[in-house]
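Spelled out, the chains give:
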Amino acid sequence: MKEDIILNLKQVHERIENACKTAGRDSADVQLLLATKTVPAEKIRIAIEAGETLMGENKMQELRDKDSELRNLNIERHFIGHLQTNKIKDVLKYATCIQSLDRLSLAQELDKQLQKEGRKLDVFVQVNTSFEESKFGLAPDAVISFIREIKQYETLTIKGLMTIGLLDVEKEKMRPSLRLLREIRDEIYNAKIDGITDLKLSMGMSQDLELAIAEGSNMVRVGTSIFGNRFLGKEIWNENIAE
Ligand SMILES: *Cc1c(COP(=O)(O)O)cnc(C)c1O
């Protein structure tokens, strides 16, 4: 098990390096986030001990269950799943960044809790760039006004934009939803919103990380290619099922 994970990690880093080379990009500009839903803490620990520093969970329950084993390791934990407002307080105990900010009511409630705790939080705005109804995230044309609105919350530091691209067996069908996130980022820059000058793009998973890097990703979130399939023979992930 340990050897597998270490080998897989090496391969994923090679994929990232190669994709950067092809795109003429510096691989220092692309972070790897371990997508660890359903992965037991002992496996995550192997990846951390191999040098990984960033992970993302989709469910509060899993953050909590794995906390005691991971808390003392050098790992930054992000929340990348759909977040219900009644879970905010718990998630804030474990995560330092929420990548799935997708509505004003969530921003409001986060701000309220963060004020109470006297702290700030990094956030990514999740955008639905694949136009699939099953996906969470803001509609692309709503992002600029959303950013203007949430900028008023001083507890929230807007780090970037996140999307789950359209997955398809055909490579070129996956590209538009990734490219769109970059275009939205550029539109936000063009809108010259005060204080918004550096937005990272969190996009790309096991299946589409090369394309995502070609389209400008700064953070790929990879699970299956590192830890193996979550369920054999079935559709392998469904982060859209709320807790
Ligand atoms: C599961 C998940 C990933 C990783 O997907 P893989 O195909 O296993 O690499 C990335 N982002 C989010 C939001 C996820 O839920």
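Residues numbered from 1 in each chain as written. Predicted model: local features only at pLDDT ≥ 70, side-chain atom pairs only at ≥ 80, totals over all residues. Heavy atoms only, no water.

Draft legend 1. Spatial organisation of the confidence of the model for the protein. Of all residues in the protein, 95% have pLDDT values of 70 or greater, and the mean over the chain is 94. Under a pLDDT of 50 for its full length, residues 233-237 has, in the predicted model, ten contacts with residues more than four places off or in other chains. This model gives residues 239-243 a pLDDT under 50, and the stretch forms 18 contacts once residues within four places in sequence are excluded. (pLDDT = per-residue confidence, 0-100. Contact = heavy atoms within 4.5 Å.)

Draft legend 2. Here's a closer look at the site of the ligand. The full set close to the ligand counts 13 residues, and Lys37, Asn58, Ser206, Gly223 and Thr224 are the nearest of them. Gly223 places a main-chain nitrogen or oxygen 2.9 Å from an oxygen atom of the ligand. Contacts to the ligand include Thr224, whose side-chain N or O atom sits 2.5 Å from an oxygen atom. Contact with the protein chains hides 99% of the accessible area of the ligand, taken as 390 Å² for the molecule alone. Partitioning the shell around the ligand into residue classes produces five nonpolar, four polar and four charged. (Near = heavy atom within 4 Å. Polar contact = N/O pair within 3.5 Å; in protein donor to acceptor, adjacent residues only side chain to side chain. Areas by Shrake-Rupley, 256 points an atom, 1.4 Å probe, with all protein chains shown as cover. Nonpolar A, V, L, I, M, F, W, Y, C, P; charged D, E, K, R; others polar.)

Draft legend 3. Broad picture of the packing of helix H6 (residues 143-150) against helix H7 (residues 171-190). At a minimum axis distance of 10 Å, the contact between H6 and H7 shows a crossing angle of 55°. Taken as axis vectors, H6 and H7 run oblique relative to one another. Classified by chirality, the crossing of H7 by H6 is right-handed. Contacts between H6 and H7 involve Val143, Ile144 and Ile147 from the first element and Ile184, Glu187 and Ile188 from the second. (Axes fitted to C-alpha atoms, helices over the stretch in contact; angles between N-to-C directions. Helix = DSSP H or I, 4+ residues; strand = E, 2+ residues; numbered from the N terminus. Parallel < 35°, antiparallel > 145°, perpendicular 65-115°, else oblique. Left-handed = near helix turned anticlockwise from the far one by under 90°.)

Draft legend 4. Spotlight on the pairing of strand S5 (residues 121-126). Within S5, five of the six residues are buried, which leaves the element mostly enclosed by the surrounding structure. Since strand S4 (residues 97-101) and S5 lie parallel, the crossover through helix H5 (residues 104-117) that links them has a hand, and here it is right-handed. When S5 meets strand S6 (residues 156-162), the two strands line up parallel, connected through six bridges. Counted as the bridge partner of Leu121 is Leu156 from S6. Handedness of the crossover joining S5 and S6 through H6: right-handed. (Buried < 20%, exposed > 50% of the residue type's maximum accessible area, 1.4 Å probe, protein only. Right-handed = clockwise from strand over helix to strand, strands pointing away. Pairing = 2+ DSSP bridges.)

Draft legend 5. View of unusual backbone geometry. Here Phe131, not a glycine, exhibits a phi torsion of approximately 60°, which is positive. Structurally, Phe131 is set in the loop between S5 and H6. Positive phi values are uncommon outside glycine, yet Lys192 reaches one of about 45°. Mapped onto the elements, Lys192 comes out in the loop between H7 and strand S7 (200-202). Overall, the relative accessible area of 70% leaves Lys192 in the exposed class.

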